[in-house]
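So you can see what is in the structure, the chains are spelled out below.
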Amino acid sequence: MKRLITILSIISVALISCQQNLVPDHPEIPAISDEVMTKSLSAGKITPDDPVVFSAAKDMKSFTDIGPLEDRFAACEVPASRLDAMTTEALVKSMLNYPLNYLILFYDDPNEAIDLIMEYSSLHQEFLSRQDAAEVFVDFYAAADLDISPEKGNLDGNYTSLSYTNTMFMDHFIASGLMTGLGKASVKQKLAEAVELKLQERIKSPGTFSMHSIKPLLAVNEAESLGLATAVNRANAFNYESYSIPRGRTLDFVIFTESSIFELNQLDQAATANYPNAVMLDNSTHRYNGHSYAWHDTSTDNTLWLDRVDSCGVEQLSKYWVLNHSAGGENSFTLCSNASYANIVYYPDGDHSAVCHSNNTYVSKWCDGPLMQHAPSYCPYISTNRQYFQPKVNSTVRITGNNPVALNQANDYTISNAETGLEYEIDVLFMDAPSPTPFVFNQVSSSKYRLTCQDYGYFKIEYFGYYNGYRLDGTTFTVICMQM
């Protein structure tokens, strides 16, 4: 079968010339005509049975140098004239060749990855328009086995021995409910047999497959009413836990059972292979995700997963920045127009959050994949319409006590109105300098501190409250030491 090559030189030349350790935002790619695209895909005469072989299969670097996800989608577009002429079997093979199937691994809700591919890919749109789509897809699905060998690639043109990435894509694609025709008796029977076989294989290999790899098969069973026995003798994969956050809010966090070493290695490999110009700061884990890292706990010891919606499907992430009228109209973070002032970045078109490391570098957790340091648009998420947030300092806390004070005289200072849910730190500065320290400062009780000034001048008692390292509350009390 003749291979069809997509040449990305239009994109890669501009990118390579400015390539640094982290790829900067990529400029908009001009529209590519059917004629030019056809030539770029062609390597001789094309027949309707020939699947598309994308450039990433032969020149991965040119593809992975592309930053914004929109540009990667554009680089994978196939002319309508080519798609119209292809058989449905060739379309399915092309879908398995598709370089962006890895997205299925990096979205909190895999359906969002499927929807995104459907929005941007005319290949997948054409496939779903075919009357025999379900029948052909299930034939491929039933014949395909998962190859767990470490060297197994996604773009090797093997349609019966699939990588973990392509296997997960097929599972979630069937479970998405996008294909009509799965209810046809013969198709449903073949699908049920295939799902049952795959389900039993994964259940019997707990060291390789956690519930993370089993859940999509259970989703297919439920979505298509296959009627399979679904008893899985595994520990509960997750539990919802309600946690209070500052300013009178409560969010539903999730505690997940960890994925297997095999699955986590697959995620590490997918991230580093598709984004080699980003830096992996910590390995993949199913314990926490991007929202939890950015908004709740930037420690890699984080064990809480935070979804955009709560356990009832109601929007909850915005509680961090939307006014809370029941708690006096305060919120913990506020929008800022200047990215250079931001601490957290939210990707509303990608359901993702990141921490600003610098103006051109973010740190974010890619779903249950690794913790990555990357350029703003060099990630698996649509990066347009990014929103920038900074902490909103409330200053409700109060410090009361004597002022001015005499030399070497002990004076007590009381803390009041501290916010619950914040971690407070207290410090004393003499003449705005951390040293020398001509004073004695001790904690007397949970809310009382004792200061003895040993030199003349002014002393500042600073009391600041933090959430996830972000300052949300605090005040300064100045004490003048003078001759009395």
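(A) Summary view of the overall build of the chain. Within the chain one finds 14 helices and 19 strands. By residue count, 51% of the 484 residues in the chain fall in the buried class. The long-range share in the chain, meaning contacts at least 24 apart out of those at least 6 apart in sequence, stands at 68%. As displayed, the chain offers around 21000 Å² of accessible surface, 49% of which is attributable to carbon and sulfur atoms.

(B) View of the packing of helix 9 (residues 133-143) against helix 11 (residues 185-203). The contact between helix 9 and helix 11 brings their axes to 10 Å, and the two run at 25 degrees. It follows that helix 9 is roughly parallel to helix 11 by the angle criterion. Both helix 9 and helix 11 take part in a crossing whose hand is left-handed. Listed contacts from helix 11 to Ala-134, Glu-135, Val-138, Asp-139, Tyr-141 and Ala-142 of helix 9 are Val-187, Lys-190, Leu-191, Ala-194, Val-195 and Lys-198. Split into classes, the residues belonging to the contact of helix 9 with helix 11 amount to eight nonpolar, no polar and four charged.

(C) Main features of helix 12 (residues 211-223). With 13 residues, helix 12 extends 18 Å between its outermost C-alpha atoms, agreeing within 8% with the 18 Å of an ideal straight helix rising 1.5 Å per residue. Of the positions making up helix 12, those classed as buried are Met-211, Ser-213, Ile-214, Pro-216, Leu-217, Leu-218, Val-220 and Asn-221. On its buried side, helix 12 packs onto helix 9, helix 10 (164-175), helix 11 and helix 13 (261-274). Phi for Ser-225, located one or two positions after helix 12, is positive at around 50 degrees.

(D) The arrangement of the sheet that holds strand 4 (residues 249-256) in detail. Across the sheet, which stays open at both edges, the three strands sit in the order 3-4-6 with antiparallel pairing between neighbours. The sheet terminates laterally at strand 3 (238-245) and strand 6 (305-306), the two strands that pair on one side only.

(E) Inspection of the packing of aromatic side chains at higher detail. This structure, assessed with the given rule, holds 33 aromatic pairs. With a centroid separation of 5.1 Å and an interplanar angle of 90 degrees, the aromatic rings of Trp-295 and Phe-333 are classed as edge-to-face. One end of the pair, Trp-295, is in helix 14 (residues 290-296); the other, Phe-333, is in strand 7 (residues 333-335), with 38 residues separating them in the sequence. Residue Trp-295 shares its accessibility class with Phe-333, and that shared class is buried. Seen in terms of ring centroids, Trp-321 and Tyr-346 are 5.3 Å apart; in terms of plane orientation they differ by 45 degrees. Their pairing is tilted. Here Trp-321, found in the loop between strand 6 and strand 7, pairs with Tyr-346, found in strand 8 (residues 344-347); they are 25 residues apart in sequence, far enough to count as distant. Here the two residues Trp-321 and Tyr-346 agree in accessibility, since each one is buried. Among the aromatic side chains, those forming a connected cluster through ring pairs are Trp-295, Tyr-320, Trp-321, Phe-333, Tyr-346, Phe-389, Tyr-467 and Tyr-470. Positioned above the aromatic ring of Phe-63, the side-chain terminus of Arg-72 is 5.2 Å from the ring centre. The side chain of Lys-198 reaches across the aromatic face of Tyr-141, ending 4.7 Å from its centre.

(F) Up close: the side chain of Asp-368. By the element assignment, Asp-368 lies in the loop between strand 10 (361-365) and strand 11 (371-374). Lys-365 is the oppositely charged side chain nearest to the buried, salt-bridge-free Asp-368, at an N-O distance of 6.1 Å. A polar side-chain atom of Asp-368 sits 3.0 Å from a polar atom in the side chain of His-212. With sequence-adjacent residues up to four places away left out, Asp-368 is seen in contact with Leu-105, His-212, Ser-259, Leu-264, Leu-267, Ser-284, Thr-285, His-286 and Trp-305.

(G) Local environment of the environment of Gly-465. Along the polypeptide, Gly-465 turns up in strand 18 (residues 457-467). Separated by 46 residues in sequence, Gly-465 and Glu-419 place their C-alpha atoms 7.8 Å apart. Once residues lying within four places of it in the same chain are set aside, the contact partners of Gly-465 are Leu-422, Glu-423, Tyr-424, Tyr-470, Arg-471, Leu-472, Asp-473 and Gly-474.

(H) A look at the confidence of the model for the chain. For the chain, mean pLDDT is 89; residues scoring 70 or higher make up 89% of the total. Below a pLDDT of 50 lies the segment residues 1-43, which in the model reaches 86 contacts outside its immediate sequence neighbourhood of four places, other chains included.

(I) Seen up close, the sheet that holds strand 13 (residues 398-401). Taken together, four strands build an open sheet; the order of strands is 13-14-17-16 and the sheet is antiparallel. Across the chains shown, the open sheet's two edge strands, defined by having one partner strand only, are strand 13 and strand 16 (439-445). Sheet twist, expressed as the mean angle between neighbouring strand axes with direction ignored, is 25 degrees. Pairing analysis gives four bridges linking strand 13 to strand 14 (residues 410-416), with the strands arranged antiparallel. The partner of Arg-398 across the bridge, within strand 14, is Ser-416.

(J) Up close: the pattern of salt bridges. In this structure the tally under the stated criterion is 14 salt bridges. Arg-308 is the partner of Asp-351 in a salt bridge, and the nearest nitrogen-oxygen pair spans 3.7 Å. Remark: Arg-308 occurs in the loop between strand 6 and strand 7 and Asp-351 occurs in the loop between strand 8 and strand 9 (352-358); sequence separation between them is 43 residues. A relative accessible area of 26% places Arg-308 in the partly exposed class.

(K) Representation of unusual backbone geometry in the model. Pro-404 follows Asn-403 through a cis peptide bond whose omega is 0 degrees. By secondary structure assignment, the location of Pro-404 is in the loop between strand 13 and strand 14. Here Arg-247, not a glycine, exhibits a phi torsion of approximately 70 degrees, which is positive. One non-glycine residue with positive phi stands out, namely Asn-408, at about 60 degrees. Assignment of secondary structure puts Asn-408 in the loop between strand 13 and strand 14. Given a relative accessible area of 51%, Asn-408 falls into the exposed group.

Conventions we followed
- Residue positions are counted from 1 within each chain, in the order its sequence is given.
- Totals for whole chains, interfaces and linings use all residues, but because this is a predicted model, local features are given only for residues with pLDDT of at least 70 and pairs of side-chain atoms are given and counted only at 80 or more.
- With hydrogens and water stripped out, all remaining heavy atoms of the structure feed into the side-chain values.
- In DSSP terms, a helix is any run of H or I states spanning at least four residues, a strand is any run of E spanning at least two, and both are numbered starting from the N terminus.
- Buried residues are those whose accessible area, probed at 1.4 Å on protein chains only, stays under 20% of the maximum for their type, while exposed residues exceed 50% and partly exposed ones sit between those limits.
- Contact definition: two residues touch when any of their heavy atoms are within 4.5 Å.
- Accessible surface area values rest on a Shrake-Rupley calculation with a 1.4 Å probe, where residue burial reflects the displayed protein chains alone.
- For every element, the axis is a line fit to its C-alpha atoms; helices are fit only across the contacting stretch, and the angle between N-to-C directions ranges from 0 to 180 degrees.
- We call two directions roughly parallel when the angle between them is under 35 degrees, roughly antiparallel when it is over 145, roughly perpendicular when it lies between 65 and 115, and oblique otherwise.
- Should the near helix be turned anticlockwise from the far one by less than a right angle, the crossing is termed left-handed; should it be turned clockwise, right-handed.
- Following the grouping adopted for this structure description, the nonpolar residues are Ala, Val, Leu, Ile, Met, Phe, Trp, Tyr, Cys and Pro, the charged ones are Asp, Glu, Lys and Arg, and the polar ones are all others, Gly among them.
- Here the expected length of a helix is defined as 1.5 Å per residue gap, with one fewer gap than residues.
- Paired strands, in this sense, are two strands between which DSSP finds at least two bridges.
- Any two rings among Phe, Tyr and Trp, with Trp reduced to its six-membered ring, count as a pair given centres within 6.5 Å; such a pair is stacked if its planes are under 30 degrees apart, edge-to-face if over 60, and tilted if neither.
- For a ring to carry a charge above it, either NZ of a lysine or CZ of an arginine must fall within 6 Å of the ring centroid while also lying within 35 degrees of the normal to the ring plane.
- In this count, Lys and Arg are taken as positive residues and Asp and Glu as negative ones, while His and the chain termini are left out.
- Basic side-chain nitrogens of Lys or Arg form a salt bridge, by our definition, when they fall within 4 Å of a carboxyl oxygen of Asp or Glu.
- Side-chain atoms alone can form a polar contact between residues adjacent in sequence; in general such a contact is a pair of N or O atoms within 3.5 Å, and within protein one must be able to donate a hydrogen while the other accepts it.
- Confidence of the predictor in every single residue is expressed as pLDDT, which spans 0 to 100.

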